[in-house]
Amino acid sequence: MKAEAIDDWQQKNERIAADLYEKGWSLTDRYLTEAFRKELLEEQRDLLHHGQFRHAGVGSGDSFAIKPEIRSDKVLWMDQQQLTPLQQRYWGLMAALQTAINQRCYLGLRSFEAHFAMYPPGSFYLRHLDQFQSVHYRKVTVILYLNETWEESDEGALRMYFPAENGSEEHLDVLPLGARLVVFLSGEIPHEVLPTNKGRISITGWFRDR
Ligand SMILES: O=C(O)CCC(=O)C(=O)O
Ligand SMILES: [Fe+2]
């Protein structure tokens, strides 16, 4: 990579880490080049066509269950031991982001896990936190959208909830625009995926402290 390209990533990562420190979440558009986004999308479509995706579940360990009334997306976990060259590039970007977050936020992030996600038309994920009751090691959520195009009428926004000044709550809707990266504290920001009208494709990852 050219020196200025590395500077560019470094700057993006430092700003994301600063946002996370100051307000607990961050949004970056054009996190990836169009070429890289398209390659990741193609690879994900390929894996989908080969039937490798499974219905996602909720909870972990003994409490894991497939609950289509709570979430109806399909996922494919990446295997760190068997990453394709393209997935390695994504993993490398996330490693750099993890370093930037650790330097700024002292979260002690030590490992990363990620899955491809596909929300078929009509699917959703009801309001939740990304930390499970019994499992606290997910510290930071990072979602990268890969969609080719997205209009307001396609719906399927990520809705994040925040405490408002008067003790009530406000929310922010974020459309899953291609190459958009959303990062937030897994244990602090309740969120949901509103029903989508169109197939919705992303990679969701979590930085963990163990
Ligand atoms: O895809 C999104 O916008 C959010 C997905 C999500 O909340 C999750 O996988 O835990
Ligand atoms: Fe989530």
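Computed from a predicted structure; not experimentally measured. What you see as residue numbers is a count from 1 along each chain, following the sequence as written. Chain letters start at A and ligand numbers start at 1, both assigned in the order the entries are written. At least 70 in pLDDT is required for a residue's local features to be given in this predicted model, at least 80 for side-chain atom pairs to be given and counted, and no such filter applies to totals for whole chains, interfaces and linings, which use all residues. As a rule here, side-chain values come from all non-hydrogen atoms in the structure, and water together with hydrogens is ignored.

## Regarding the overall build of the chain
Numbering of helices and strands starts at the N terminus; helices are DSSP runs of H or I of at least 4 residues and strands are runs of E of at least 2. From N to C terminus, the chain includes 3 helices and 11 strands. Its helices and strands in sequence order give the chain the pattern α-β-α-β-β-α-β-β-β-β-β-β-β-β, from N to C terminus. Only C-alpha atoms enter the radius of gyration, while the globule expectation follows 2.2 Å times N to the 0.38, with N the number of residues. Its C-alpha atoms give the chain a radius of gyration of 17 Å, near enough to 17 Å, the size a compact globule of 210 residues would have. Dimensions of the chain, computed from C-alpha atoms along their principal axes, come out at roughly 50 × 45 × 40 Å. To sort residues, take the accessible area from a 1.4 Å probe on protein chains only and compare it with the maximum for the residue type: under 20% means buried, over 50% means exposed, and anything in between is partly exposed. Out of the 210 residues in the chain, the part that is buried amounts to 51%. Of all intrachain contacts in the chain linking residues separated by at least 6 positions in sequence, the fraction that spans at least 24 positions is 77%. Put simply, the chain shows about 11000 Å² of open surface, and 50% of that area lies on carbon and sulfur atoms. Looking at charge distribution, the chain has the averaged site of its 24 positive side-chain charges lying 3 Å from that of its 30 negative ones. Contacts between residues were defined by any pair of non-hydrogen atoms, one from each residue, lying within 4.5 Å. For the area figures, the Shrake-Rupley method with a 1.4 Å probe applies, and any residue is considered shielded solely by the protein chains shown. Neither His nor the chain ends is counted toward charge; the positive residues are Lys and Arg and the negative residues Asp and Glu. In this description, the location of a charge corresponds to atom NZ of lysine, CZ of arginine, CG of aspartate or CD of glutamate.

## Points about helix H2 (residues 34-49)
Multiplying 1.5 Å by the helix residue count minus one yields the expected span of that helix. Along its 16 residues, H2 runs 22 Å from first to last C-alpha, staying within 8% of the 22 Å computed at 1.5 Å per residue. Looking at the packing, one finds that the buried side of H2 touches strand S3 (74-77), helix H3 (85-105), strand S4 (111-119), strand S6 (138-145) and strand S11 (200-208). Just downstream of H2, Gly51 is the residue with a positive phi angle, here 70°.

## What about the coordination of the iron ion (ligand 2)?
Reference values for coordination geometry: four tetrahedral donors around a metal ideally subtend 109.5 degrees, six octahedral donors ideally subtend 90 or 180 degrees. Coordinating donors are taken as N, O and S atoms within 2.8 Å of the metal, stretched to 3.2 Å for Na, K and Ca; because water is absent from the atoms, sites can appear incomplete. Only His128 (NE2), Asp130 (OD) and His191 (NE2) from the protein coordinate the iron ion (ligand 2), and they sit 2.0 to 2.2 Å from it. Mapping the donors of the iron ion (ligand 2) onto the primary sequence yields the spacing H-x1-D-x60-H. Separated by 61 residues along the polypeptide, Asp130 in the loop between strand S5 (125-128) and S6 and His191 in strand S10 (residues 191-193) bring together distant segments of the chain. A residue is classified by how much of its surface remains accessible, and Asp130, at 5% relative accessible area, is buried. Judged by its relative accessible area of 3%, His191 is buried.

## Regarding the packing of H2 against H3
Axis geometry follows a simple rule: fit a line to the C-alpha atoms, using only the stretch in contact for helices, then measure angles between N-to-C directions, giving values from 0 to 180 degrees. Running from N to C, H2 and H3 cross one another at 125°; their axes reach a closest spacing of 10 Å. Comparing the axis directions of H2 and H3 gives the class oblique. By crossing handedness, the relation of H2 to H3 is classed as left-handed. Facing Phe36, Glu39, Leu40, Glu43 and Leu47 of H2, the residues of H3 in contact are Leu86, Gln87, Arg89, Tyr90 and Leu93. Ten residues, namely Ala, Val, Leu, Ile, Met, Phe, Trp, Tyr, Cys and Pro, are considered nonpolar, four, namely Asp, Glu, Lys and Arg, are considered charged, and the remaining ones, Gly among them, are considered polar. Taken together, the residues that form the contact of H2 with H3 break down as 6 nonpolar, 1 polar and 3 charged. Relative orientations are named as follows: roughly parallel for angles under 35 degrees, roughly antiparallel for angles over 145 degrees, roughly perpendicular for angles from 65 to 115 degrees, and oblique for any other angle. Definitions for this section: a left-handed crossing has its near helix turned counterclockwise from the far helix by less than a right angle. A right-handed crossing has that turn clockwise.

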